[in-house]
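Analysis of the macromolecular model
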Amino acid sequence: MDHQRTAGLRHFGEALVGDGETLSFLDGLFLCAGNRRHHLSAARLRDLADAHPSRGPLLRLLADIQTRDAAVLRRVLLHQLIGLLQEPGARRKAAGLDPAEAALLEQAVPTMPVLDARQRKAAESLGGLWRRRRLRAAARALDTLGPAAVRTDPALSHLASRLARRLGRCDRSLAAARATRDTEAARTHYLDALGVAADDDTATRGLITLGRPRRPEDAPLTARLSGDRVLLSWPATDGRSWRAVRLTRGTDRPAVVPSTATTPGAGGAAVDHSPRRGTQVRYAVFPLLDGVPDGPPLVSGPLLIAPDAEDLTVTDAPARLTVRWTRPPRTARVTVALHAADGPAPGSPAPGGTVLARHDAGADGDTHTFTGLRPGSYLVRVVCHHSSPEGREVESEGVRAAGVVHVWPEPLTALTVTPDPEGGVRFTGRGAADAEVRLVAWTGPAGAPPEGTGLRTDALPAALPWATYGTAHPVTSPSAFAGRIVAVAVLGERALVGPSVLVDIPAPVTGLQGLREHDGQVRLVFDWPADAGSVEVEWEQEGARDRSRVSRSRFFREGLRLPIGPASARIGVRAASRHEPLAGPSAGPEAGSPAPPAGSEAGAPSVNAPDAVDPTVVVRRAPAVLVLPGDVVVSFRLVTRRRGLARRATPEAVEVTVKGADLPGSSPAGADPPDTADRPTLPALPALPDLVLVGRVGDAATARPRHPEDGDVLVRLTGAELAASPRTVRELPAGHLRPPYALRAFLAGEHAGSVRLEEPALSTLVVR
């Protein structure tokens, strides 16, 4: 019928006829086209299925029925046609039939009993019920049809007679089972009854009663509640088929549970998706032979269909336990009880020790916190209350979990963050007596938990390695840090979240170098600090201080140059915080020097921005310092002499001159020396390097020397000799420089990069 409805047919004869064909059905099934008649055999039905794929499933089913019993297919068609002709518009509904036979059928229909939908369904089920030996259900179907319908149909009358004889035999087996006192004999009689009527409820209940285990743990059939489902499992070694049934207390009829086919050695399994909440059930599985029970069942222990809460967790906090659970759907209410730990263990079926507190969480609650608890061990039990079909309240077995209230540290009540004027920061506070205070930073979108939250110590992020609480000396991060620092009091395995503050520490400046240029300016070169938007440059020279701020874009576009001049200077560079206000222009020796930011204490913060909602403490890092010596220039020239009538002068000596703004006698006459009592001493003159004059003569003079060892050393003046006098003359080796020759002077030593070397014209140094 399902295939027929899917194809949209009123009777299956419509699937058999084509254009110009009619169906003859009174003395068999024939297709009529003109004067020709073709019998609808099983082979022809399969050919029609191949020719019409859309109706293939229905036609193949008809072919299978025709193969088993050729008369059955005709009777099924007559049953469908009679039902259609008894409804209004019969001629329109019963189309495709032979006209003469259809007229005869119309004349016979008024003499037949009219079946309603329920009776028609009962009639259609009789064949399947008989084949599966469900004789009790077949008897109920005949009762639904009524005596009149059974008497008017010879086939139904014959079926009723056979059914009565078999049910009589079944009843005699049931009576014998009830009369005997021998368990094995009763089991044999019940199995005989099921062999006749496989759906006999009395025999099924009798076998389940006889097979009940003495103790639930000895049951061969395991029934486990999982939510609103019951999972069944049993040992099955021979791969046979099984039938699982559910017997509910208070009902007489067992319900069949769909079971999966078993494989040898894998065991049997079934899932009951429809047990009624709040009822007590027992399950049994029967081994089958040709669809009929042929052995005693395996029976489970009793099971109460009352799902428990799942995912039960118990977490502790100072003087309290928080219980969380997942409530099963459609639960009437949930109660949670706190027991003393002097009772049975959590795995024991007993509920626990003395009840210390109880809470009714209602139908929607999934968490509760017990407060005011002393340190120690406790037991929590959560029970779900369900409504039975009779309206009674049924309690679940309950789930249990142990909880321990630990000794927690005292809270940290205040956190003070005080930046140091020279760079770095100090962390101090109040509270957390006898506890370790760790400074941590939570990452991720969730951020830090609220103040007062209790956590396990192993759930904390790693302590900031550079941040130390309660030290007398300032600390700082080796790299940039911008975020919220949280103080956590730790005692053993428990930690308590304390106050927090936002801290911004810019990255350090590294690789600072100063390169003097000819126009009196100094070009600063350094590695730009990570994530910095600008840097602050402060320089001190001849008792005066000044500073400036340079943005990142300007630094990479134009570079950073300072109008230092030739005098020595002390230069400091540090990254500026984005939360730090711009400093105004300097107006004197101490102008523009920023005051250190005030400390920030949680609960009453002093902030760098008065209107800030969540203030940020800016920690000024100690600047990278460059001590730039005064500008010193070492120059030289060759002293030549013409001998006799020679056309070319010959070098005989080299004259070296040292000039610098900080050299003795360079200050204007009568000028007082600058007052340096209140500032670091700046070097007046750097230690001078050695001057080495190197020459290449003869064939080697094709190129100038590239380093001090690339040729013959003609003259070497030490730094001390250069510093002794601003002008020094040193003779060249006699007869050594004869054309061709190439000369070059080098500054060598530790301070060579702090002094500039000026050479004479190249034509005097390279002579061909």
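In this text the structure is predicted, and so the values were computed from the model without any measurement. (Residues numbered from 1 in each chain as written. Predicted model: local features only at pLDDT ≥ 70, side-chain atom pairs only at ≥ 80, totals over all residues. Heavy atoms only, no water.)

A full pass over the atoms with the stated rule returns 35 salt bridges. Two residues, Asp-272 and Arg-246, come together in a salt bridge whose shortest N-O distance is 2.6 Å. Remark: Arg-246 occurs in strand S6 (residues 242-248) and Asp-272 occurs in strand S8 (residues 268-272); sequence separation between them is 26 residues. What makes Arg-246 buried here is its relative accessible area of 12%. Of the charged contacts in the structure, one is a salt bridge between Arg-426 and Asp-420, with a shortest N-O distance of 2.8 Å. Arg-426 gets classed as partly exposed once you look at its relative accessible area, which sits at 26%. (Salt bridge = Lys/Arg side-chain N within 4 Å of Asp/Glu carboxyl O. Helix = DSSP H or I, 4+ residues; strand = E, 2+ residues; numbered from the N terminus. Buried < 20%, exposed > 50% of the residue type's maximum accessible area, 1.4 Å probe, protein only.)

This paragraph deals with a positive patch on the surface. Together, Arg-133, Arg-165, Arg-166, Arg-169 and Arg-172 give the surface a local cluster of positive charge. Structurally, Arg-172 is set in helix H10 (residues 154-179). (Patch = residues over 30% accessible without salt bridge, like charges linked within 9 Å, V, L, I, M, F, W, Y side chains within 5 Å. Areas by Shrake-Rupley, 256 points an atom, 1.4 Å probe, with all protein chains shown as cover. Lys, Arg positive; Asp, Glu negative; His and termini not counted. Charge placed at Lys NZ, Arg CZ, Asp CG, Glu CD.)

Reading across from one edge, S30-S29-S32-S35 is the order of the 4 strands in this open sheet, with antiparallel pairing throughout. Every interior strand has two partners, whereas the edge strands, strand S30 (544-551) and strand S35 (624-628), have only one. Averaged over all neighbouring strand pairs, the angle between strand axes comes to 20°, with direction disregarded. Across 7 bridges, strand S29 (residues 534-541) lies against strand S32 (residues 569-576) in antiparallel orientation. Of the residues in S32, the one forming a bridge with Trp-539 is Ile-571. (Pairing = 2+ DSSP bridges. Axes fitted to C-alpha atoms, helices over the stretch in contact; angles between N-to-C directions.)

If you look at the biggest cluster of nonpolar residues, it comprises 36 residues, and the most contacted ones within it are Leu-126 and Leu-163. If you list the elements that add at least two residues to this core, you get helix H7 (117-131), helix H8 (135-145), helix H9 (147-152), H10, helix H11 (183-196), helix H12 (201-210), S6 and strand S9 (280-289). Those residues in contact with Leu-126 that sit more than four places away from it in its chain are Ala-138, Ala-141, Leu-142, Leu-145, Leu-156 and Leu-159. Listed in part, the 28 residues of the second largest apolar core include Leu-31, Ala-49, Leu-58 and Leu-78. (Core = buried A, V, L, I, M, F, W, Y, C linked by side-chain atoms within 4.5 Å. Contact = heavy atoms within 4.5 Å.)

What follows is about the environment of Val-755. Here Val-755 lies in strand S42 (residues 755-758). Val-755 sits in the buried class, given a relative accessible area of 7%. For the pair Val-755 and Leu-688, spaced 67 residues apart in the sequence, the C-alpha separation amounts to 7.4 Å. Not counting the four nearest positions on each side in its chain, Val-755 is found in contact with Val-632, Val-634, Leu-688, Pro-689 and Leu-747.

Attention shifts here to the confidence of the model for the protein chain. The predicted coordinates of low-pLDDT regions are not to be read in fine detail. Residues with a pLDDT of 70 or more make up 86% of the protein chain, whose mean pLDDT is 83. For residues 584-612, every residue scores under 50 in pLDDT, and the model assigns this stretch 49 contacts once sequence neighbours within four places are set aside. (pLDDT = per-residue confidence, 0-100.)

In a beta sheet, neighbouring strands are held together by backbone hydrogen bonds and run either parallel or antiparallel to one another. Ordered by their spatial adjacency, 3 strands build an open sheet running S4-S5-S8, and the pairing between neighbours is antiparallel. Edge positions in the sheet fall to strand S4 (222-226) and S8, since each has one partner strand and no second. Along the sheet, successive strands turn relative to each other by an average axial angle of 20°, direction set aside. For strand S5 (residues 229-234) and S8, the ladder comprises 5 bridges, and the chain directions are antiparallel. Residue pairing in the sheet places Val-230 in a bridge with Asp-272 of S8.

The next thing to look at is helix H6 (residues 99-108). Along an α-helix, residues three or four positions apart point the same way, because every turn accommodates 3.6 residues. Taken residue by residue, H6 has Glu-101, Ala-102 and Leu-105 as its buried positions. One side of H6 carries all its buried residues, which in axial view fall inside an arc of 100°. Seen from the open side of H6, the exposed residues pointing more than 90 degrees away from its buried face are Pro-99, Leu-104 and Gln-107. Each element contacted by the buried residues of H6 is listed here: strand S1 (22-24) and helix H4 (70-85). (Arc of directions from axis to C-beta.)

Using the criterion set out here, one finds 8 aromatic pairs in the structure. Taken together, the ring pairs in this structure connect Phe-526, Trp-528, Phe-555 and Phe-556 into an aromatic cluster. Across from the ring centre of Phe-30, 4.3 Å away, lies the NZ or CZ of Arg-37, which sits over that ring. (Phe/Tyr/Trp six-rings, centres within 6.5 Å; stacked < 30°, edge-to-face > 60°. Lys NZ or Arg CZ within 6 Å of the ring centre and 35° of its normal.)

Next up on the list: helix H2 (residues 42-51). Of the positions making up H2, those classed as buried are Ala-42, Leu-45, Leu-48 and Ala-49. End-on, the buried residues of H2 take up no more than an arc of 115°, which puts them together on one face. Facing away from the buried side of H2 by more than 90 degrees, the exposed set consists of Asp-47, Asp-50 and Ala-51. On its buried face, H2 is in contact with helix H3 (56-68) and H4.

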